Amino acid sequence: MNKFITLLLISTLCIHCNTKPKTLISDEISGLITEKAMVVSAREEASKIGVEIMKQGGNAFDAMIATDLALLVSYPSAGNIGGGGFMVFRMNDGSIGALDYREKAPLAATKDMYLDENGNVDSDKSQIGALAVGVPGTIAGLFEVHKKFGTLPFAKLIEPAIQLAEKGVVVTDKQAQNLNDHTPNFRAANKRTILLDKFWKQGDTIKYPKLTETLKRIKIYGRDEI
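Note that this is a predicted model, so its numbers are computed, not measured.

1. Focus: the overall build of the protein
Phase 1: Looking only at helices and strands, the protein has nine helices and six strands in total.
Phase 2: When the accessible surface of the protein is totalled, it reaches about 14100 Å², and 54% of it is carbon and sulfur.

If you want it as structure tokens, here you go:
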């Protein structure tokens, strides 16, 4: 399972304390330099949500949580509610830390669970169905980050992702190719998935009604809801 690693968000969520940008070696400016803050992610929708959270008074951790939750909707192939991640951070006083919330094997897992009756590896068992699923850590991890460092209510941080899932996200060309390439896997895993409804193309919109319901329940009941 591809993972969205929160490290990416933290490393690209840059908070600049200086009022002026540092002098560059070249006179040519490459990229974007901001005076206060910046959110960078794999989807524009998610980055805008992170920026908006900071405009509402949230700190970098609040913005990370909101951006990550938005990516669960808009970029699920790299980060999703069934996955996990880890975070490394550096505070403005120089202190550093890390938080690991990667997936774990279920308590009932055994070393032979992916072997057939002859002791040979059965790759389908590790890729399709219930045995292929680990205990997800994403939601638990984000709640832990919020507990330690968050300032805004978690309900406020998850609401933009709920709206995004309900309204839908526009499919990029690369996402369309990825969805269509994995249609056989979707069919093998779950015949009822909405991802089997059509042949996807750039510009299509995907709405996630079931994910919307799940996120709403997490908003109300907290991390243990899932």
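2. Focus: the environment of A130
Phase 1: Following the sequence through the fold, A130 ends up in the loop between α4 (123–127) and α5 (138–149).
Phase 2: Residue class for A130 comes out exposed when judged on its relative accessible area of 69%.
Phase 3: A C-alpha to C-alpha distance of 9.0 Å links A130 and A189, two positions 59 residues apart in sequence.

3. Here we look at the nonpolar core
Phase 1: In terms of nonpolar packing, the biggest core is built from 39 residues, with I65, L69, V73, M87 and L215 touching the most fellow members.
Phase 2: Among the elements of the structure, α2 (44–55), α3 (60–74), β3 (85–90), β4 (96–101), α5, α6 (154–167), α7 (173–181) and α9 (209–221) are those that each provide at least two residues to this core.
Phase 3: A per-element tally of this core places α3 first, with nine residues.

4. Some details on the side chain of S74
Phase 1: With respect to the helices, strands and loops of the structure, S74 is situated in helix α3.
Phase 2: By relative accessible area, which is 1% here, S74 ends up buried.

5. Concerning α2
Phase 1: Given a rise of 1.5 Å per residue, twelve residues ought to cover 16 Å, and the 17 Å separating the end C-alpha atoms of α2 matches this to within 8%.
Phase 2: Within the sequence span of α2, burial applies to A46, S47, I49, G50, I53 and M54. The buried side chains of α2 occupy one side of the element, clustering within an arc of 160 degrees when seen end-on. Residues of α2 that are exposed and point more than 90 degrees away from the buried face comprise E44, K48 and K55.
Phase 3: Count one or two residues on from α2 and you reach G57, which has phi positive near 105 degrees.

6. Here's the deal with the pairing of β3
Phase 1: Of the two faces of β3, only one is covered, namely that formed by G85, M87 and F89; the face formed by F86, V88 and R90 stays uncovered.
Phase 2: Sheet analysis places β3 next to β4, joined by six bridges and oriented antiparallel. Each residue of the ladder has a partner; that of M87, found in β4, is L99.
Phase 3: In this antiparallel pair of consecutive strands, β3 and β4, the connection spans five residues, and G94 shows a positive phi of 95 degrees.

7. What to know about the packing of α3 against α6
Phase 1: Here α3 crosses α6 at 25 degrees, and the two axes come no closer than 9 Å. Taken together, the axes of α3 and α6 are roughly parallel relative to one another. Where α3 crosses over α6, the two elements pack in a sense that is right-handed. Across from D62, I65, A66, L69, A70, V73 and S74 in α3, the residues of α6 making contact are F154, L157, I158, A161, L164 and A165.

8. Here we look at the pattern of salt bridges
Phase 1: Counted by the stated rule, this structure contains nine salt bridges.
Phase 2: With a closest N to O distance of 2.6 Å, R43 and E45 form a salt bridge.
Phase 3: Residues joined by salt bridges that share partners form a network here, namely K198, K201 and D204.

9. Some words on the packing of aromatic side chains
Phase 1: Counted by the stated rule, this structure contains four aromatic pairs.
Phase 2: One aromatic cluster is present, formed by F61, F89 and F149 through successive ring pairs.

10. Digging into the side chain of N80
Phase 1: Here N80 is to be found in the loop between α3 and β3.
Phase 2: Owing to a relative accessible area of 18%, N80 belongs among the buried residues under this scheme.
Phase 3: Engagement of the side chain of N80 in a polar contact is seen with the backbone oxygen of P76, the distance being 3.0 Å.

Calculation notes
- Per chain, residues are indexed from 1 in the order of the written sequence.
- Given that the model is predicted, a residue must reach a pLDDT of at least 70 before its local features are reported, and side-chain atom pairs must reach 80 or more before they are shown or counted; all residues, however, enter totals for whole chains, interfaces and linings.
- Neither water nor hydrogens contribute to the side-chain values; these are computed over all heavy atoms in the structure.
- Helix and strand definitions follow DSSP, with helices as H or I runs of at least four residues and strands as E runs of at least two, each counted in order from the N terminus.
- With residues, only the protein chains shown are counted as cover, and all accessible areas are computed by Shrake-Rupley using a 1.4 Å probe.
- In this scheme, a residue with accessible area under 20% of its type's maximum is buried, one over 50% is exposed, and one in between is partly exposed, where area comes from a 1.4 Å probe on protein chains only.
- Take the buried residues of types Ala, Val, Leu, Ile, Met, Phe, Trp, Tyr and Cys, join any two whose side-chain atoms come within 4.5 Å, and each joined set is a nonpolar core.
- To estimate the expected span of a helix, subtract one from its residue number and multiply by 1.5 Å.
- Along the arc lie the directions from the helix axis toward the C-beta atoms.
- Criterion used throughout: strands pair if DSSP finds at least two bridges between them.
- Here the axes come from fitting lines to C-alpha atoms, over the contacting stretch only for helices, and the angles between their N-to-C directions go from 0 to 180 degrees.
- The scheme is simple: roughly parallel for angles under 35 degrees, roughly antiparallel for over 145, roughly perpendicular for 65 to 115, oblique for anything else.
- Helix crossings fall into two classes, left-handed where the near helix is turned counterclockwise from the far one by less than a right angle and right-handed where it is turned clockwise.
- In what follows, a contact means two residues having at least one pair of non-hydrogen atoms within 4.5 Å.
- By salt bridge we mean one thing: a side-chain nitrogen of Lys or Arg within 4 Å of a carboxyl oxygen of Asp or Glu.
- The rule is short: rings of Phe, Tyr and Trp, with Trp giving its six-membered ring, pair when the centres are within 6.5 Å, and they are stacked under 30 degrees, edge-to-face over 60, tilted in between.
- We call two N or O atoms a polar contact when they sit within 3.5 Å, provided that within protein one can donate a hydrogen and the other can accept it, with sequence-adjacent residues counted only if both atoms are side-chain atoms.

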